[in-house]
Amino acid sequence: MTAPWRDGSATPSTQAPVIDTTVPHPARRYNYWLGGKDNFVADRESGDKIAAVYPPIRTAAIANRRFLERSVAFLAEAGVRQFLDIGTGIPVSPNTHEIAQAIVPDARVVYVDNDPIVLSHARALLTSAPGGMTAYIDADMRDPEALLRDESLRGVLDLTRPVAILLVSVLHFVPDAEVIVRPLLDVVPEGSYIALTHLSKDLLTPEVAAQTDAVNQRAGVDMWFRGRGEIERLVDGLEIVPPGIVPVAEWHPIDDPAERPSPVEASLFAVIARK
């Protein structure tokens, strides 16, 4: 467990993380695609195997990151003051709390991941603005009930008030996404939001879509591609925010249309929905 710092953040565990550099990890591979340096040979080899079949993967990773930035700003401007960022990955500025607290300085953010390298960077994640609060939890999203019981989470987030749940580019790493999404939505009150992105074969060319299973095996990180209808079921019963379930680069874009990646180049669906 962690305890609040005086500056309004929470300390990560002081236990030395155990990092297996021989096995690729999604957070480190994503860091590689974004041009970061916090990755190992196994992560780069896995990333390159995917890029060999799907060359725009780095473009897709950047477009996904831009969605995170736009969605957090949108939610903060919509009045959300609490954020649960699950699968946060290795810190890349601007982080969720930097974006939210630039708009609402008293915003509270809890980050969740299970990669030891993310834990080693937790202090960077926990640099909160005065008046706000941040915490990092080393936990597995596949056990949402345990996550929601965590004392650090409860110490930062008031689950009787609206929370924005961020599941950006993480649900395609689990075979049953609804088992994760539903317990999270059940515990937060009306007025809460969920923001998610998800890989989909619907947006790939038929040639690339046909190779996804083989690429999964070679890349060493299992992924489950879901169609638009399956993603829609994940937010069933919620009010979907316009423009709906759309390719990630087309959700409230702020860039020049001529510079925007196509759905084939950034093959993730994005959606924000309100409870």
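Check the entry above for the structure.
Residues numbered from 1 in each chain as written. Predicted model: local features only at pLDDT ≥ 70, side-chain atom pairs only at ≥ 80, totals over all residues. Heavy atoms only, no water.

A. Molecular detail of the overall build of the protein. A tally of regular secondary structure across the protein gives 12 helices and eight strands. Taking 275 residues into account, the globule formula puts the C-alpha radius of gyration at 19 Å, and the protein, at 18 Å, falls close to it. Taking the principal axes of the C-alpha coordinates as reference, the protein spans close to 55 × 40 × 35 Å. Burial status across the protein gives 54% buried among its 275 residues. Taking the contacts inside the protein whose residues are at least 6 apart along the sequence as the reference set, 75% of them involve residues at least 24 apart. Approximately 12200 Å² of the protein is accessible, and the part contributed by carbon and sulfur atoms is 52%. The average position of the 26 basic charges and that of the 37 acidic charges among the side chains of the protein differ by 2 Å. (Helix = DSSP H or I, 4+ residues; strand = E, 2+ residues; numbered from the N terminus. Rg over C-alpha atoms; globule rule 2.2 N^0.38 Å. Buried < 20%, exposed > 50% of the residue type's maximum accessible area, 1.4 Å probe, protein only. Contact = heavy atoms within 4.5 Å. Areas by Shrake-Rupley, 256 points an atom, 1.4 Å probe, with all protein chains shown as cover. Lys, Arg positive; Asp, Glu negative; His and termini not counted. Charge placed at Lys NZ, Arg CZ, Asp CG, Glu CD.)

B. Region of the structure containing the pattern of salt bridges. The full count for this structure, using the stated rule, is nine salt bridges. Ionic pairing is found between R81 and D106, a salt bridge with its closest N-O pair at 3.9 Å. Here R81 is found in the loop between helix 3 (57-77) and strand 1 (82-86), whereas its partner D106 is found in the loop between helix 4 (96-103) and strand 2 (108-113), with 25 residues between them in sequence. Taking relative accessible area as the criterion, R81 reaches 28% and is therefore assigned partly exposed. Between R228 and E232 there is a salt bridge; the shortest N-O distance is 3.8 Å. In this pair, R228 and E232 are both assigned in helix 12 (residues 228-234), four residues apart and thus about one turn of the helix distant. Here R228 falls in the partly exposed class, since its relative accessible area comes to 33%. Members of the salt-bridge network, linked through shared partners, are R28, D43 and D115. (Salt bridge = Lys/Arg side-chain N within 4 Å of Asp/Glu carboxyl O.)

C. Local environment of the nonpolar core. F67, L75, F83, Y136, L166 and I272 are the most contacted members of the largest nonpolar core, which has 54 residues in total. When residues in this core are grouped by element, the largest group, 10 residues, is from helix 3. The residues contacting L75, other than those within four sequence positions of it, are V80, F83, A164, L166, Y193, A195 and I272. The next biggest cluster of nonpolar side chains, apart from the first, holds 38 residues, and it includes A135, L147, V163 and V181. (Core = buried A, V, L, I, M, F, W, Y, C linked by side-chain atoms within 4.5 Å.)

D. Molecular detail of the side chain of N64. Considering the arrangement of structural elements, one finds N64 in helix 3. We classify N64 as buried; its relative accessible area is 2%. The contacts of N64, once residues within four sequence positions are left out, are Y30, V168, S169, T197, V248 and L268.

E. Focus on helix 1 (residues 26-33). A large share of helix 1 lies buried, amounting to seven of its eight residues. For helix 1, the complete set of buried residues consists of A27, R28, R29, Y30, N31, Y32 and W33. Backbone geometry just after helix 1 places G35 at a positive phi near 90°.

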